[in-house]
Amino acid sequence: MSDAAAVPGFDVPVVEEWMASATQVVPPCTWTRLEGGHSNLTYELVDSEGAHFVIRRPPEGELLPKAHDMWREWRIIDALHPVGVPVAEPIGFCDDRDVCATHFYVMGKVGGDALYTAADTAPRLDEQARAAVGGSFVSVLAHLHSLDPGEIGLGDLGRHDGYVARQLKTWYGSWTMSAEAADYDDPRLHALHERLVADMPEQGPARVVHGDYGVHNVMVNSAGEVEAVLDWEIGTLGDPLADFAYALNAWIEPSDAPDAAEVSPTALPGFSSRDDLVEAYAAQTGADLSDLGYYRGFNSFKTACILHGVYARYRLGMKSTDGVDMDGLFDRIVRSIELAEQHLVS
């Protein structure tokens, strides 16, 4: 892509001048838009020497105060890259409004591919490679959770205590505020909230938590190894067991609900089971996982509240429903409540 007008969000000559003076990128570059990334404007750059990079900034328009925090992402990868957590190489961060209307950063381009669907994954990874994904996936998370945030410069990334309590307050508040617009309330959700508050485990030492750790946010090579973890914009300090339980919930097995198992990459033959992941995480971290059912229930509760808020915004007309399966979305809310109940009795 050579037409600067075809690069929304960046004044290409100005940004390339900054890159030439502040990074190892050697302009001019070709710019290619990358899809995904939570609507952030993300482009692959190929500089004049053939080196590949990625540049990333928030979307254009008015944003919520804490949304699309590129500075947070930059801080995290800049701290994690030197200590062996597989993240993209941090190249440069810019917060100069003479260069761009908002902050942005440049990172190295990593290999591999994120795993989104079974259809995409099946031809890319054979069963031997699929079998390797689970071990690599857990090892990366276990290593992240072993790090003392203060020792790697992230001690002020968030509060050190009360992670689950704050999350419960936030997402239960979202549910109650969305109930009228969604035209749906459920007494089971309120009962779950009461139980989760009453039975909350004591949090151990705070660790860096990704917040959305799943195979959709890791780059996996053809051997089934995690090359890099992406999308750190909601990373914070928190309870590592909540982070692990989130990843576990997102790891779909063949025996799960047919609509989920049919499309999920981890339901393909060869992938590890959730029990395999639990065994590996326990072995590598030494963590007491006796409360894992609580944390899985907490994450299913949170998912129900998030989906409920999305459903309400659709019903209010705040988002277009073109192509959206509203009945399917509603069913996912109900299913998340049911899963939360199941996890809390397991």
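Residues numbered from 1 in each chain as written. Predicted model: local features only at pLDDT ≥ 70, side-chain atom pairs only at ≥ 80, totals over all residues. Heavy atoms only, no water.

Visitor: I'm lost on the pairing of strand 8 (residues 226-229) in this one. Help?
Guide: For a regular strand, side-chain orientation follows a simple rule: the groups alternate between the two sheet faces. Note that strand 7 (residues 218-220) and strand 8 share 3 bridges and pair antiparallel. Bridge assignment links V220 to a residue of strand 8, and that residue is V226. The turn linking strand 7 back onto strand 8 is made up of 5 residues, and G224 within it adopts a positive phi angle of 85°. (Pairing = 2+ DSSP bridges. Helix = DSSP H or I, 4+ residues; strand = E, 2+ residues; numbered from the N terminus.)

Visitor: Explanation requested: the pairing of strand 5 (residues 104-108) in the structure shown.
Guide: Of all 5 residues making up strand 5, 5 are buried, and the element is well covered by its neighbours. Neither face of strand 5 is left uncovered, since the one carrying F104, V106 and G108 and the one carrying Y105 and M107 both have all their residues buried. The pairing of strand 3 (residues 52-57) with strand 5 spans 4 bridges and is antiparallel. Following the sheet pairing, V54 is matched in strand 5 by M107. (Buried < 20%, exposed > 50% of the residue type's maximum accessible area, 1.4 Å probe, protein only.)

Visitor: Which parts of the structure should I look at to understand a negative patch on the surface?
Guide: Where like charges cluster on the molecular surface, the negative patch consists of D259, E262, D325, D327 and D331. Breaking the negative patch down by element, the ones donating at least two residues are helix 8 (258-263) and helix 11 (326-345). Tracing the backbone through its elements, the reader meets D325 in the loop between helix 10 (292-315) and helix 11. (Patch = residues over 30% accessible without salt bridge, like charges linked within 9 Å, V, L, I, M, F, W, Y side chains within 5 Å. Areas by Shrake-Rupley, 256 points an atom, 1.4 Å probe, with all protein chains shown as cover. Salt bridge = Lys/Arg side-chain N within 4 Å of Asp/Glu carboxyl O. Lys, Arg positive; Asp, Glu negative; His and termini not counted. Charge placed at Lys NZ, Arg CZ, Asp CG, Glu CD.)

Visitor: Before we go on, may I ask you to explain unusual backbone geometry in this structure?
Guide: Excluding glycine, a negative phi dihedral is what most residues carry, and trans is how most peptide bonds are arranged. Cis geometry marks the peptide bond from P27 to P28, where omega comes out at 5°. Despite not being glycine, D183 shows a phi value in the positive range, around 55°. Mapping D183 onto the fold places it in the loop between helix 5 (163-182) and helix 6 (187-198). Backbone geometry places D231, a non-glycine residue, at a positive phi of 55°. By the secondary structure assignment, D231 is in the loop between strand 8 and strand 9 (236-238).

Visitor: Where do I start with the packing of helix 4 (residues 127-146) against helix 9 (residues 274-285) in this structure?
Guide: Two packed helices can be described by the angle between their axes and the distance between those axes. The contact between helix 4 and helix 9 brings their axes to 9 Å, and the two run at 35°. The hand of the helix 4/helix 9 crossing is right-handed. Of the residues in helix 9, those touching helix 4 at G134, V138, S139, A142 and H145 are L277, A280, Y281, Q284 and T285. Looking at the contact of helix 4 with helix 9, its residues break down into 5 nonpolar, 5 polar and no charged. (Axes fitted to C-alpha atoms, helices over the stretch in contact; angles between N-to-C directions. Left-handed = near helix turned anticlockwise from the far one by under 90°. Contact = heavy atoms within 4.5 Å. Nonpolar A, V, L, I, M, F, W, Y, C, P; charged D, E, K, R; others polar.)

Visitor: Explain the confidence of the model for the chain here, please?
Guide: Parts of the model with low pLDDT should not have their predicted coordinates read in detail. Considering every residue of the chain, the mean pLDDT works out to 94; 95% of them sit at 70 or more. Contacts from residues 63-67, a stretch scored under 50 in pLDDT, to residues over four places away or in other chains number 2 contacts. (pLDDT = per-residue confidence, 0-100.)

Visitor: Can you help me understand the sheet that holds strand 3 in this one?
Guide: Across a sheet, paired strands are connected by hydrogen bonds in the backbone, their directions being either parallel or antiparallel. Taken in spatial order, the 5 strands line up as 1-2-3-5-4 in an open sheet, and their pairing is antiparallel. Since the sheet does not close on itself, it has two edges, and those belong to strand 1 (30-34) and strand 4 (90-94), each with one partner. On average, each strand axis in the sheet is tilted by 25° relative to the strand beside it, whichever way the strands run. Sheet strands touched by helix 2 (residues 70-80): strand 3, strand 4 and strand 5. Its angle to strand 4, the strand with the most contacts, is close to 150°.

Visitor: Explain the side chain of S300 here, please?
Guide: Here S300 is to be found in helix 10. For S300, a relative accessible area of 6% gives the class buried. A distance of 3.4 Å separates a polar atom in the side chain of S300 from a polar atom in the side chain of N249. Discounting chain neighbours no more than four positions away, the residues touching S300 are N249, S336, L339, A340 and H343. (Polar contact = N/O pair within 3.5 Å; in protein donor to acceptor, adjacent residues only side chain to side chain.)

Visitor: For this particular structure, what's the right way to read the pattern of salt bridges?
Guide: Pairing is possible between side chains of opposite charge, provided their charged atoms come close. As enumerated under the stated definition, the model contains 12 salt bridges in all. The partner of D156 in a salt bridge is R75, and the shortest N-O contact between them spans 2.7 Å. Pair noted here: D156 is in the loop between helix 4 and helix 5 and R75 is in helix 2, with a separation of 81 residues, a long-range link. With its nearest N and O atoms 3.5 Å apart, the salt bridge here joins R195 to D199. By sharing partners, the salt bridges in this structure join R56, E73, D231 and E233 into a single network.

Visitor: Would you take a moment to explain the environment of H81 for this structure?
Guide: Structurally, the position occupied by H81 is in the loop between helix 2 and strand 4. The partly exposed category is assigned to H81, whose relative accessible area is 35%. Considered as a pair, H81 and V7 are 74 residues apart in the sequence and their alpha carbons are 28 Å apart. Those residues in contact with H81 that sit more than four places away from it in its chain are V87, A88, E89 and P90.

Visitor: In this structure, what is going on with the nonpolar core? I would like to understand it.
Guide: Ranked by size, the top nonpolar core spans 81 residues in total, and within it L80, F137, V164, Y213, W232, Y294 and F301 carry the most contacts. The dominant element in this core, judged by the number of residues it contributes, is helix 10, at 12 residues. What Y213 contacts, discounting residues up to four positions off in sequence, is F137, V140, L141, V218, V229, Y246 and A247. Counting residues in hydrophobic clusters, the runner-up holds 20 residues, among them W18, Y43, L45 and F104. (Core = buried A, V, L, I, M, F, W, Y, C linked by side-chain atoms within 4.5 Å.)

Visitor: What should I look at first to understand helix 6 in this one?
Guide: Given 3.6 residues to a turn, an α-helix orients residues that are three or four positions apart in the same direction. Across its 12 residues, helix 6 extends 17 Å between first and last C-alpha, which sits within 8% of the 16 Å expected from 1.5 Å per residue. Buried residues of helix 6: L189, L192, H193 and L196, and no others. Here the buried residues of helix 6 occupy an arc of 100° about the axis, which is enough to place them on one side. Exposed side chains of helix 6 directed beyond 90 degrees from the buried face belong to P187, E194 and A198. Residues of helix 6 that are buried make contact with helix 5, helix 10 and helix 11. (Expected span 1.5 Å × (residues − 1). Arc of directions from axis to C-beta.)

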